[in-house]
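Chain and residue survey
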Amino acid sequence: MASEPALLGQHGRTSGARIAGVVSCVPRRIVENTDFHDRFDASSVNDVIKMIGVKTRRWVEPGVCTSDLCMRAGEKLMAGLSWPVDTVDGLLFVSQTPDYRLPATACAMHGRLGMRVGAVALDINLGCSAYGYALWLAMTMVQTGLVKRILVAVGDTSSRVVDPDDRATALLFGDAGTVTAIERCDDATVDTTAHFILGTDGAGAANLIIPRGGFKDGTLQGDTRLQNRNPECLFMDGSEIFNFTLRAVPRLISECLQASGHPMEEHDAFLFHQANLFMIKHLVKKAKLPLERVPINIDRFGNCSSASIPLLLTTELADTLRTKSQRLALFGFGVGYSWGSASLSVGPLACIETIEL
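A brief report on the enclosed structure follows. Position numbers for residues count from 1 along each chain, tracking the sequence in the order it is written. Note on the predicted model: pLDDT of at least 70 is required for a residue's local features to be given, and 80 or more for side-chain atom pairs to be given and counted; whole-chain, interface and lining totals, by contrast, use all residues. Excluded from the side-chain calculation are hydrogens and water; included are all heavy atoms of the structure.

1. Section: the overall build of the chain
Numbering of helices and strands runs from the N terminus; a helix is a DSSP stretch of H or I covering at least four residues, while a strand is a stretch of E covering at least two. When you go through the chain residue by residue, the secondary structure sums to ten helices and 15 strands. Since a compact globule built from 357 residues should have a radius of gyration of about 21 Å, the 19 Å found for the chain is in line with a globular shape. With respect to the principal axes defined by its C-alpha atoms, the chain has extents near 55 × 45 × 35 Å. For every residue, the accessible area obtained with a 1.4 Å probe (protein chains only) is divided by the maximum for its type, and the residue is called buried under 20%, exposed over 50%, and partly exposed between those limits. When the 357 residues of the chain are sorted by exposure, 55% land in the buried category. We call two residues contacting when some pair of their heavy atoms lies within 4.5 Å. A separation threshold of at least 6 residues defines the contact pool for the chain, and within that pool the share at least 24 residues apart is 79%. For accessible areas, the Shrake-Rupley method is used with a probe of radius 1.4 Å. Any residue's cover is judged against the shown protein chains and nothing else. Surface accessibility of the chain: about 15100 Å² in total, with carbon and sulfur atoms responsible for 50%. Just to be clear, the radius of gyration here is over C-alpha atoms, and the globule rule we use is 2.2 Å times residues to the power 0.38.

Right under this line is the structure:
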């Protein structure tokens, strides 16, 4: 960052809204590391895997979109909560792999789900930091009285935009779609206060980018890093992303815990965006967090971009969250550059699971 602000980002707090349930949907197709040996030699694959820690990842079949994964997750979630679709007041779709440039994918999903006319639906274009932003917006909408129940669809199908000849991205990313149900809660015995820190450093925008596909010149002329690369595929400058993470995230952890009023010892788990295994372990060590309270699933699912944190909830914490409340700290960071954290109580949840498409 050009200069260090007094606070890392914008601090906010919501109350009166709670997470009612979460469902993640992953593709049935499992891609093993050995599947890349025909394109890259085994030695080079192993070198990358040692850093990122991915053993398998889930990839969609041709023609399957993020919205398809989220649709299945949303239908399963509403059934599990016994929420009739006409009682849902809104839908947020947060992704960087939408169905179209227009209309908003949320509008299309509104129609596919059969939601009532007049319900709120909008898209948000965010990746790694998406879940924190999405929870803040949804809970704010509940707190202000705009909605009483809202579905938050968060996911990406990054396999459709990676360059198959780029080891750094082809081996790293996986696909997933998630839906979180947020509802108004007036029960005074339930802790509904959630603390958020949201921030941006747009100077790093070109370090994780798909140069072509929008309306701006896709060549990014003068950027020699993009020479001989497909401008319609994802480009990632791994070293710059790593440097940004080391600058921002340890401070984000510290500020999040301080702002919440709950020290490290009072948090049951710390959920990090699953960027890569080496990075996560480095951050945990630097922040002096207990590793046993840092769930990890990147080895089985890869880096699922916006979906990584809710997918952690439904794979690593589901059994606990079905039966009791947990205080969680969530940390998303990456593309943009953008970051978002949250400290909140979650559970017990009537519906939390991972399903396959």
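2. Description of the packing of helix α2 (residues 66–81) against helix α3 (residues 105–113)
Under this scheme, a helix contributes an axis fitted over its contacting stretch, all axes are lines through C-alpha atoms, and angles between N-to-C directions fall in the 0 to 180 degree range. Close contact between α2 and α3 brings their axes to 11 Å; oriented N to C, the two are set at 45 degrees. Looking at the two axes, α2 sits oblique to α3. Two packed elements cross with a definite hand, and for α2 against α3 that hand is right-handed. Along its contact with α2, which presents S67, D68, C70, M71, E75 and M78, the element α3 presents T105, M109, R112 and L113. Looking at the contact of α2 with α3 residue by residue, the classes come out as five nonpolar, two polar and three charged. The scheme is simple: roughly parallel for angles under 35 degrees, roughly antiparallel for over 145, roughly perpendicular for 65 to 115, oblique for anything else. By the definition used in this description, the sense in which the near helix is turned from the far one sets the handedness, with an anticlockwise turn below a right angle giving left-handed and a clockwise turn giving right-handed. For this classification, the nonpolar set comprises Ala, Val, Leu, Ile, Met, Phe, Trp, Tyr, Cys and Pro, the charged set comprises Asp, Glu, Lys and Arg, and every other residue, Gly included, is treated as polar.

3. Let's talk about the sheet that holds strand β12 (residues 269–272)
Here, strands pair whenever DSSP counts at least two bridges between them. Taken together, the five strands give an open sheet; going across it, the order is β1-β9-β14-β13-β12, and neighbouring strands pair in mixed fashion. Pairing within the sheet leaves two strands with one partner each, and these edge strands are β1 (10–14) and β12. Pairs of neighbouring strands in the sheet enclose a mean axial angle of 15 degrees, with direction left out of account. Bridging between β1 and strand β9 (residues 194–200) involves five bridges; their strand directions are antiparallel. Its bridge partner lying in β9, G12 is registered against F196.

4. Brief notes about the environment of T245
Following the sequence through the fold, T245 ends up in helix α6 (residues 238–260). For T245, a relative accessible area of 1% puts it in the buried group. Distance in space between the C-alpha atoms of T245 and W339 is 9.5 Å, their sequence separation being 94 residues. Not counting the four nearest positions on each side in its chain, T245 is found in contact with P250, M279, L283 and F333.

5. Regarding the sheet that holds strand β7 (residues 149–157)
Note: strands within a sheet are paired through backbone hydrogen bonds, in either parallel or antiparallel orientation. Across the sheet, which stays open at both edges, the six strands sit in the order β6-β5-β7-β8-β2-β15 with mixed pairing between neighbours. A single partner strand is all that each edge strand has here, and the edge strands are β6 (120–124) and β15 (351–356). Each neighbouring strand pair of the sheet contributes to a mean axis angle of 15 degrees, computed without reference to strand direction. Across five bridges, strand β5 (residues 90–94) lies against β6 in parallel orientation. Each residue of the ladder has a partner; that of V94, found in β6, is I124. Those strands touched by α2 are β2 (17–26), β5, β7, β8 (175–184) and β15, and its axis lies near 40 degrees from that of β8. Docked against the sheet, α3 engages β5, β6 and β7, running at close to 130 degrees with respect to β5.

6. A look at the packing of aromatic side chains
Ring pairs are drawn from Phe, Tyr and Trp, using the six-membered ring of Trp, whenever the two centres fall within 6.5 Å, and their geometry is named by plane angle: stacked under 30 degrees, edge-to-face over 60, tilted for the rest. Inspection of every chain in the model, using the stated rule, returns five aromatic pairs. Summarising the aromatic geometry, the rings of F244 and W339 are spaced 6.0 Å apart at their centres and angled 40 degrees between planes, so their arrangement reads as tilted. On the criterion of sequence distance, the pair formed by F244 in helix α6 and W339 in strand β14 (residues 338–346) is long-range, its members being 95 residues apart. Judged by its relative accessible area of 2%, W339 is buried. Here a set of aromatic residues connected by ring pairs shows up, and it is made of F244, Y337 and W339.

7. Some words on the pattern of salt bridges
Put simply, a salt bridge is a Lys or Arg side-chain nitrogen that is within 4 Å of an Asp or Glu carboxyl oxygen. Applying the stated criterion to the full structure yields 15 salt bridges. Between R225 and D237 there is a salt bridge; the shortest N-O distance is 2.7 Å. With a gap of twelve residues between them, R225 in the loop between β10 (208–209) and β11 (235–236) and D237 in the loop between β11 and α6 connect regions that are remote in the sequence. The exposure class of R225 is partly exposed, given its relative accessible area of 27%. Among the salt bridges present, the one from R251 reaches E255, with a minimum N-O distance of 2.9 Å. Highlighted residues: R251 and E255, both in helix α6, separated by four residues, approximately one helical turn.

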